[in-house]
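Per-entry structural report
Here is how the chains run, residue by residue.
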Amino acid sequence: MSEQLRTEVRSWLENNVPAGWREAMTGCDQDAFVAAQRDWFFKLVEAGYATPHWPERWPGGGRSLAEQKIIYEEVARADAPRLILYFVALYHAACTLMECGSADQQQRFLPGILKGDVWCQGFSEPNAGSDLASLRTRAERRGDVYVINGQKTWSTMAQYADRCLLLARTSSDGRPQAGITYFLMDMRSKGVSVRPISQITGDDEFAEIFLDDVEIPVEDRVGEEGQGWAVAQATLASERGLTLVELTQRMRHSLGRIGEVMRARGCADDPVLRAAFGRLIPQVHAACALADGYLQKRISGEEVVGDASIVKLYYARTLREFVRLGQQISGLDGQTMEEFTRGGSQETGNWAVDFMNSYNWSIAGGSDEIQRNIIAERMLQMPREPRDWRWQKGA
Amino acid sequence: MSEQLRTEVRSWLENNVPAGWREAMTGCDQDAFVAAQRDWFFKLVEAGYATPHWPERWPGGGRSLAEQKIIYEEVARADAPRLILYFVALYHAACTLMECGSADQQQRFLPGILKGDVWCQGFSEPNAGSDLASLRTRAERRGDVYVINGQKTWSTMAQYADRCLLLARTSSDGRPQAGITYFLMDMRSKGVSVRPISQITGDDEFAEIFLDDVEIPVEDRVGEEGQGWAVAQATLASERGLTLVELTQRMRHSLGRIGEVMRARGCADDPVLRAAFGRLIPQVHAACALADGYLQKRISGEEVVGDASIVKLYYARTLREFVRLGQQISGLDGQTMEEFTRGGSQETGNWAVDFMNSYNWSIAGGSDEIQRNIIAERMLQMPREPRDWRWQKGA
Amino acid sequence: MSELLTELTDSTRSVLDSLGPGTAEETIWTQVVDLGWLLAGVPESLDGLGLGPAAVCVIQQELGRSLSAARYPAATLVIDALVAAGESPLLERLPLLLTEALATAPLVPPDIEISDDGRLSGTVRAVWSVDRASDILVWTNSDVLLVPTSAGALKARPTWDETRRLFDITFTDVNIDSGWRLAQGAAAETLVCRIETLRDFLLAADAIGGATAALESTVNYLTERKQFGRPLALFQALKHRCADLKAHIAAAEALFADTLNQAESGFGQPQAALLAREAKLLATAAYTEAAEEAVQLHGGIGMTAEHPCHLYLKRAQLNEHLGRRRVSDELELATCQFS
Amino acid sequence: MSELLTELTDSTRSVLDSLGPGTAEETIWTQVVDLGWLLAGVPESLDGLGLGPAAVCVIQQELGRSLSAARYPAATLVIDALVAAGESPLLERLPLLLTEALATAPLVPPDIEISDDGRLSGTVRAVWSVDRASDILVWTNSDVLLVPTSAGALKARPTWDETRRLFDITFTDVNIDSGWRLAQGAAAETLVCRIETLRDFLLAADAIGGATAALESTVNYLTERKQFGRPLALFQALKHRCADLKAHIAAAEALFADTLNQAESGFGQPQAALLAREAKLLATAAYTEAAEEAVQLHGGIGMTAEHPCHLYLKRAQLNEHLGRRRVSDELELATCQFS
């Protein structure tokens, strides 16, 4: 059964991954990238490979986690483009709607996702990175609408989004988490403005969202007022594991790139570089094994808190080693500013860019430091810093 | 002037360093080591090279820090035995007496040091390592004596000591530091017992000291009651810098040992090991430069808090790298238990033992972790953890 | 991990826990034999438990965890080689090897030669408890032999890791009895590959067990020990270092499980040996790191012989030099990526 | 550091601080020329300040600290080579080079050859602002030349570090004018050694300046930025990482000062080149580490182009590939210990 699926997916990918997409996506602008993502998305939707995690009544839906894993592995193996533009829609938005949305909301929004609606995430704020509970964007109820004021940041490709998963504060009473409410915001609403963030790679994959008296109808609130925190937690876990299976498999398939570059630059016989390469290989394989093992645990229900942190931390560290070696073997030429490739894995062979992008994994989605805290406190049972340790100047 | 001293010392060392002392001190027992240390000590005292830091009226005394540095450098260069047994006597005890001792105490104890009295340090306690202020050994005044009860640990070669620099608590009021008093204790007093600590190398260079109703005459108290903390601080700084100059210079002179072993084991041409060696070399030279620079700052009065921590931390880390490489190049044979050498530097060529001993420098005398705290808080001005952050279970 | 293996882990651990740390070699060995741990990997057709290499490794992981003196890896290598060699007069000795008589094997590749006229010379290093063994497994690229230990000259190789008694055994122009031969030619090549694969997996298992225990001991110490009015475990810098260790050990463990799973169908093939080497490389590195950090984070107490902390360090460091040398491992792993 | 050098540091820093970060190349260059920084290493007999390489390095350290676009190292290499070559017709061009006309030099060893009939061919990589220079300093093992840039073909080498505009220049069978020659034979060997020594010290100085600034910026950010109700600078794990960076930078700085001091009497001797390479190796490694940690510890803000954090990263990473390659450096340093 699972081998059959693998064969099916593999053969479909062989016939459908756009030939030369890496070349086409190298040095292209973001609009061209968005167009290519749309094409690829519709192909995947049509084949049923975009929504394996959706319930059975949806096209392509009803796949087990094990089957989803096979699809991700094959996508990585085939070096297909990553579906960056639709990630939030297919996972976070869809899972939020299915798990916490009303029947009406499901009816109104889920079909749109399959038709290509782009969603973005409005969680992070300039002063609430890993500390989500401290977010400050406010939502004030006025009759049938909420009026939103505030600012969001680090929203992936928000400039192309149709809708936004928005967290905002409806109350300041009680625990900081308690006053947060979850909304589905139309990005075309009056008062929404988006400013792409210029990244150190020259790309602007992320954006800031400014919210100035934006009105959201009450029917676009998910769950009750003050339940946003719980809804967000359910949402955040939706793709946990799968992404890291895909990323680690892509890293494994990219090991060959190191060999290629070493050969091309005539340093394949340098024993010092070779030894560094040899040290990296088991680390990459271990990252794959960790991601696989984690998903197995999720499937079998044995997951414990901290498991996901270990996978993410180890992946981020290994990726850093990987791209560092890439830079080392590519020497001075590797420092040359070259057009980068959009939609690929983290190891495009443009090592300077890859190195910079590797920080996406050590900083975003819970930094390495946050993961270490979780591992130490939740897995190793080392004591948490007491909540009432508050800093006072001059203490 | 300084070049003349250098020539003098160098030539004296050429004629006086016991030939073959390393061989003689390899596999010998501690008594033989103590005997050899005595011989070497008296030679150095006679030549005036044991007490360059003492005031001018003492034999060998009155040397500037720069001159002391020259002597240490030459001792390292000549690979002379380290004067481990007399270190506390010559530095901590002597400086305590000279800076804080009464005329009577100076009269009674300083000449004895030159005649070979061995002193040990009674500062650390089982539950007060880096946190000296929390020590618990108690001194109770009863008429003309103090009665001491408690336990000291990590006292270098206390089993051979005639006298002990002892810190004990005379009061529990006020700040923890405030109730500490400084004593000069006769190790032959009734109630003193010494138990060598068996180390992981098989050596027992350190000892525990048990104090059971030990009486110390009031005239053997240094300074007033409660001033022990200040006296100890003065004492601890007395050899600061000089030891690290000696140790880093010894490490530099030991670089050749790595080359010798690589040649002897036929791995001198292994490029991976060679590259590791090449990486180590500038680190060792930097450790030397740091130690030198630190002493220069002391001489010129430009020392700032944290300078010493940087030197110690960097030395400890570099030493670890050094002995790690030693183990790596010596392979399986390096794991064989062999007789170790007493009185040498940290890089004796018995790499497994050297590796274990390297922890002496990353743990004792303020661990790496304590040094990092000092550097972060005192040099980089990062905030200290508030004093009132006290841990309560269940917080 | 299958339920069976989880049970095996639990039962092995409970036996070892009840024996306590520092149990003498012969005491623990009696248990190993009596409890049938040597049978774990032997096929049911030969009256074994038929649980395969994974079970053998599970047992070694627990032995490693408890810093055990049991020469289980050495004995297991011989038993596995005997079984894998298939029908041979030597196979008749299997029941005895599983119960009374002892055979051992080196933990690094033997440095021996066989002359054209069939004489064995050279030194086999790092053989566990060969003084108590009747036979020793040795190999070249083209021969695998089970040689009576009486044919060689023993020399103790006392290592800092005193939990494992190692020896060197030197053979000088020893006439090879044809009855000693387990495999020759191509069959020997496959068998050697199998032996080295199992050895490296066993070393990896030992390392993972030891690393896990070293970290546990460290976390416990940090939690109990107070300084400046609070437990050391509350200091974030120490917490983060423990978290990193945990991640490295988990990665080594995941790689170990994955490579063993992949290799199980093809023990004896070069690909399996390579997988084992990867597992061993990462596991021994994690062990060394965990043990080194354990000593540092235990502070002074970690430098005293009375605390067991140093036993991890010494065992971990020895492990790095068993199997093959690390540097050459790394180079060979890279080479495979190029071919 | 002598009082003079401390003053030079202060005055250089105050000029650069007043210009502010990101000052355009030509603006800063005007300052460099006008303030006489090019004169720092020139002997007083040639109307310079006679402060030697230490002063030149002090200036570069400050330029590195401010991520300056000034092609000071390239210009300085030419000036120093001209002076060191001694009496020659080329020396007459010194005053002009110090004021108006510009000469530059590559920051990696030139990959060029001179044929038996005196023709120059090959590519000189990583030449700073050669498009604005009249001449370029190039060398082989046996010749040092000051070649008009018009003799070669330029190609931009845009690097991620945009604070330094690098180019490659290719010469194809260029007839060498005897007036271009600064040194030949043994004299050239010495001069090349001197050039590479100064280059490596300048790169080390740049790295130390940059690393120090990156760490300062990080500590400031951590101190200002609050999370979970307290400044990030209060988290011990982050404090310890900053402390390690501080120690590594201090070590690189100490080695730099020490090696420069040792080398000063013998610029041009192989021993001095070796010392410079050590200094450069450690300094660039410290810079990379500081810059990489800076981005991580700045969190998301460190990944935005608007915060200058990434400029340190890009400059640090480029520095590692200037001078010589690190790996070969390490091997050569070891070789010296064996000889």
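Small disclaimer: the values here were computed from a predicted structure and weren't measured. (Residues numbered from 1 in each chain as written. Chains lettered and ligands numbered in written order. Predicted model: local features only at pLDDT ≥ 70, side-chain atom pairs only at ≥ 80, totals over all residues. Heavy atoms only, no water.)

1. Concerning the interface of chain D and chain A
Applicable threshold: A contact between two residues is defined here by any heavy atoms of the two lying within 4.5 Å. Put simply, buried area is the surface a 1.4 Å probe can reach on two separate parts but cannot reach once they are joined, added for both. Salt-bridge detection follows one rule: a side-chain nitrogen of Lys or Arg within 4 Å of a carboxyl oxygen of Asp or Glu. Here a helix means four or more residues in a row that DSSP labels H or I, a strand means two or more in a row labelled E, and each is numbered from the N terminus. Put simply, Ala, Val, Leu, Ile, Met, Phe, Trp, Tyr, Cys and Pro go in the nonpolar bin, Asp, Glu, Lys and Arg in the charged bin, and everything else, Gly too, in the polar bin.
Facing the 41 residues of chain D at the interface are 45 residues of chain A. Considering only the side of chain D, the residues that lose the most area to chain A are D:Trp160, D:Gln296 and D:Met303, jointly responsible for 24% of the buried surface there. Where chain D packs against chain A, one counts 3 salt bridges. Here A:Arg324 and D:Glu292 are joined by a salt bridge, their closest N and O atoms 2.6 Å apart. Looking at the side of chain D that touches chain A, the elements that each hand over two or more residues are strand 3 (119–128), strand 9 (226–227), strand 10 (230–231), helix 7 (236–263), helix 8 (270–298), helix 9 (309–321) and helix 10 (326–338) of chain D. Ranked by the residues each element gives to the side of chain D that touches chain A, the list is headed by helix 9 of chain D, at 6 residues. Residue composition of the side of chain D that touches chain A, grouped by class: 19 nonpolar, 11 polar and 11 charged.

2. Brief notes about the sheet that holds strand 2 (residues 111–114) of chain D
Residues and elements named next belong to chain D. Rules: When DSSP locates at least two bridges between a pair of strands, those strands are taken to pair. For helices, the fitted line uses only the C-alpha atoms of the stretch in contact; every axis is such a line through C-alpha atoms, and the angle between N-to-C directions lies from 0 to 180 degrees.
Taken in spatial order, the 4 strands make up an open sheet running 2-3-7-6, and their pairing is antiparallel. Sheet topology places strand 2 and strand 6 (153–157) at the edges, where each strand pairs with a single neighbour. Strand-to-strand twist of the sheet, defined as the mean angle between neighbouring strand axes without regard to direction, takes the value 15 degrees. In the sheet, strand 3 pairs with strand 7 (residues 166–175) via 7 bridges, with the strands oriented antiparallel. By the bridge assignment, Arg-119 is partnered in strand 7 with Asn-175.

3. Quick notes on the packing of aromatic side chains
Within a pair of aromatic rings, the relevant descriptors are the distance that separates the centres and the angle that separates the planes. Just so we agree on the cut-off: Here the aromatic set is Phe, Tyr and Trp, taking the six-membered ring for Trp, and pairing holds for ring centres within 6.5 Å; pairs whose planes are under 30 degrees apart are stacked, those over 60 apart are edge-to-face, and all others are tilted. Exposed residues in this analysis have more than 50% of their type's maximum accessible area, buried residues have under 20%, and partly exposed residues fall in between, with area computed by a 1.4 Å probe over protein chains only. Charges are assigned to positions over rings by a cutoff of 6 Å between ring centre and Lys NZ or Arg CZ, combined with an angular limit of 35 degrees from the ring normal.
Tallied over the entire structure, the rule returns 30 aromatic pairs over all chains. Between the aromatic rings of A:Tyr315 and A:Trp361, the centroid separation amounts to 5.8 Å while the plane-to-plane angle is 80 degrees, which identifies the pairing as edge-to-face. A residue pair is termed long-range when its members are at least 10 positions apart, and A:Tyr315 in helix 10 (residues 307–330) and A:Trp361 in helix 12 (residues 359–363) qualify at 46 residues. Residue A:Tyr315 is classed as buried on the basis of its relative accessible area, which comes to 1%. Above the face of the B:Phe355 ring, B:Arg320 is positioned so that its terminal group lies 5.8 Å from the ring centre.

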